[in-house]
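Chains, contacts and geometry: an overview
Chain by chain, the residues run as shown.
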Amino acid sequence: MNNAIARTTALLSTCALLLTGCGGGGGSVSVTNSPNTTTTNTTQTTTTSGAIPIGIALAQTSNVALLGQEGFVGARIAEKYFNSKGGINGTPIKLVNQDTSGDEAGAINAFQTLINKDKVVGIVGPTLSQQAFSADPIAERAKVPVIGASNTAKGIPEIGDYVARVSAPVSIVAPNSVKAALKQNPNIKKVAVFYAQNDAFNKSETEIFQQTVKDQGLELLTVQKFQTTDTDFQAQATNAINLKPDLVIISGLAADGGNLVRQLRELGYKGIIIGGNGLNTPNVLSVCKALCDGVLIAQAYSPEYPGEINKIFRQAYIEQYKKEPAQFTGQSFAAVQVYVEALKELDKKSKISTLSLDKLRTELNKQLLAGKYNTPLGEIAFTPAGDVVQKEFYVAQIKMDKDGNTGKFVFIK
């Protein structure tokens, strides 16, 4: 994580300075066990329940909510589980939720509120890489730790010293789905690529996909652009289909990407479709329905991973939602877990209740980067720059049920 990059990104700095003051809060962390005590002193960081506040800045509205809502679910499951195990050496955590909506302004406002009003010790979020490039510098200047749970674009950890992620970079994950497609059909020769040009992550992901296509010796027939807000893809789909591709690769979000899948199938495309990480949610099934069947998506999480914490997480999710958890849910659980375990270790070294908020945030950031964590994603750690170090990766294929409305991600070997 390079401070120089964050400082020299003029556009981001200007935007953030116009929208936020980056006060970090300089008082001590005061913990009270009285559930009826309301904290009004701005130097304190505890909630009314006497818990340690961790910010969750994810999308609950806009077309991005299809991704953000899964993240909230994973974070809430983590909150309930770790508090049942004693929280931070006897002190519970309390998630403080802020809706980032689907744009940069929403993420900036959420971060501003969490840092300066809610006095959180750290933040999980935002949902999109596009939002992270605008909001993370605010946390960096305030020296508040941020863990991205769904930010996979190139350059996220380099935003600053206080920015990390548990979401594996697209450069590692995306090529796996192309290799899986070639395994299913070794005769693939010609490829059409679609991507959302108004989204930083999708622009980053398509570069990886296009390079992988070339590395595999395939012909890149066409690159079709769209917007994440689009609903009509007839022109782009028709243009691509007329070139007779054997494989289509889509980098978009769940709503636009799902609609593009549906329209490609309706126009007669019968070849393999690869969806990028933005389609990596069961919420896409309600968009393309029966026509989602067969879509390949690379994964950084599997419900079948045999680790003990994943079994606990999976069981809790299934009991509540009657289906398997998805990647964004598992990554958000892991992000909260990293905060909990880092706070516990820090508290053993020096009681966090005696630290000023500024000091706590700084020491927490150091601790979380130094640790190793057995999460639902497998064993993870961080590079000095804050990127996740992860060993386990997968590819899943969407299999729709006969009713055409429900389905699941089936992991392929």
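Please refer to the structure higher up on the page.
**Some points on the packing of aromatic side chains**
With the rule as written, the count across this model stands at nine aromatic pairs. The interplanar angle of 65° and the centroid separation of 6.2 Å between the aromatic rings of Y373 and F382 together place this pair among those described as edge-to-face. The two residues Y373 and F382 agree in class, both being buried. An angle of 90° between the planes, with centres 5.9 Å apart, marks the rings of Y394 and F411 as edge-to-face.

**What about the pairing of strand β1 (residues 52-58)?**
Where burial is concerned, most of β1 is hidden: seven out of the seven residues are buried. Alternating residues of β1 divide into I52, I54, I56 and L58 and P53, G55 and A57, and every residue in both groups is buried. With seven bridges connecting them, β1 and strand β2 (residues 93-99) associate as parallel partners. In the strand pairing of β2, A57 is matched with Q98. Following the chain from β1 across helix α3 (residues 65-84) to the adjacent parallel β2, one finds a crossover that is right-handed. Here two bridges tie β1 to strand β3 (residues 123-124), and the two strands are oriented parallel to one another. Counted as the bridge partner of I56 is V124 from β3.

**Things to note about the pattern of salt bridges**
It is possible for side chains of opposite charge to pair when their charged atoms get near one another. Going through the model one piece at a time under the given rule, you end up with seven salt bridges. Among the ionic pairs, K348 bridges to E345, the shortest N-O distance being 3.4 Å. Here K348 pairs with E345, and both are found in helix α13 (residues 327-349), just three residues apart, close to one helical turn. With a relative accessible area of 58%, K348 lands in the exposed category. In this structure, the salt-bridge partner of K366 is E363, at a minimum N-O distance of 3.4 Å. Taken together, the residues span about one helical turn, with K366 and E363 both in helix α14 (residues 357-370) at a distance of three residues.

**Notes on the state of the cysteines**
The full count for this structure, using the stated rule, is one disulfide. The disulfide partner of C288 is C292, and the S-S distance across this bridge is 1.9 Å. Taking the sign of the S-S torsion, 100° for the link of C288 and C292, the bridge is right-handed. Residue C288 is classed as buried on the basis of its relative accessible area of 4%. Note on C292: relative accessible area 0%, which makes it buried.

**Quick look at the environment of N83**
On the secondary structure map, N83 appears in helix α3. For N83, a relative accessible area of 26% corresponds to the partly exposed category. It is 6.7 Å that separates the C-alpha atoms of N83 and I93, two residues lying 10 residues apart in sequence. Each residue touching N83, except ones within four places of it in the same chain, is listed here: P92 and I93.

**Some points on the packing of helix α7 (residues 175-184) against helix α8 (residues 200-215)**
In the contact formed by α7 and α8, the axes pass within 9 Å of each other and the chain directions differ by 40°. Judged by the inter-axis angle, α7 sits oblique to α8. Viewed along their axes, α7 and α8 form a crossing whose handedness is right-handed. Contacts from P175, S177 and V178 of α7 reach α8 at I208, F209 and T212.

**Notes on the packing of α3 against helix α12 (residues 308-321)**
Across the interface, α3 lies against α12 with an axial gap of 11 Å and an inter-helix angle of 115°. Considered as vectors, α3 and α12 are oriented roughly perpendicular to each other. Pair α3 / α12 crosses with right-handed handedness. Each of V73, R76, I77 and Y81 in α3 lies in contact with α12, whose residues at this interface are I309, I312, F313, A316, Y317, Q320 and Y321.

What counts as what
- Residues numbered from 1 in each chain as written.
- Predicted model: local features only at pLDDT ≥ 70, side-chain atom pairs only at ≥ 80, totals over all residues.
- Heavy atoms only, no water.
- Phe/Tyr/Trp six-rings, centres within 6.5 Å; stacked < 30°, edge-to-face > 60°.
- Buried < 20%, exposed > 50% of the residue type's maximum accessible area, 1.4 Å probe, protein only.
- Helix = DSSP H or I, 4+ residues; strand = E, 2+ residues; numbered from the N terminus.
- Pairing = 2+ DSSP bridges.
- Right-handed = clockwise from strand over helix to strand, strands pointing away.
- Salt bridge = Lys/Arg side-chain N within 4 Å of Asp/Glu carboxyl O.
- Disulfide = S-S within 2.5 Å.
- Contact = heavy atoms within 4.5 Å.
- Axes fitted to C-alpha atoms, helices over the stretch in contact; angles between N-to-C directions.
- Parallel < 35°, antiparallel > 145°, perpendicular 65-115°, else oblique.
- Left-handed = near helix turned anticlockwise from the far one by under 90°.

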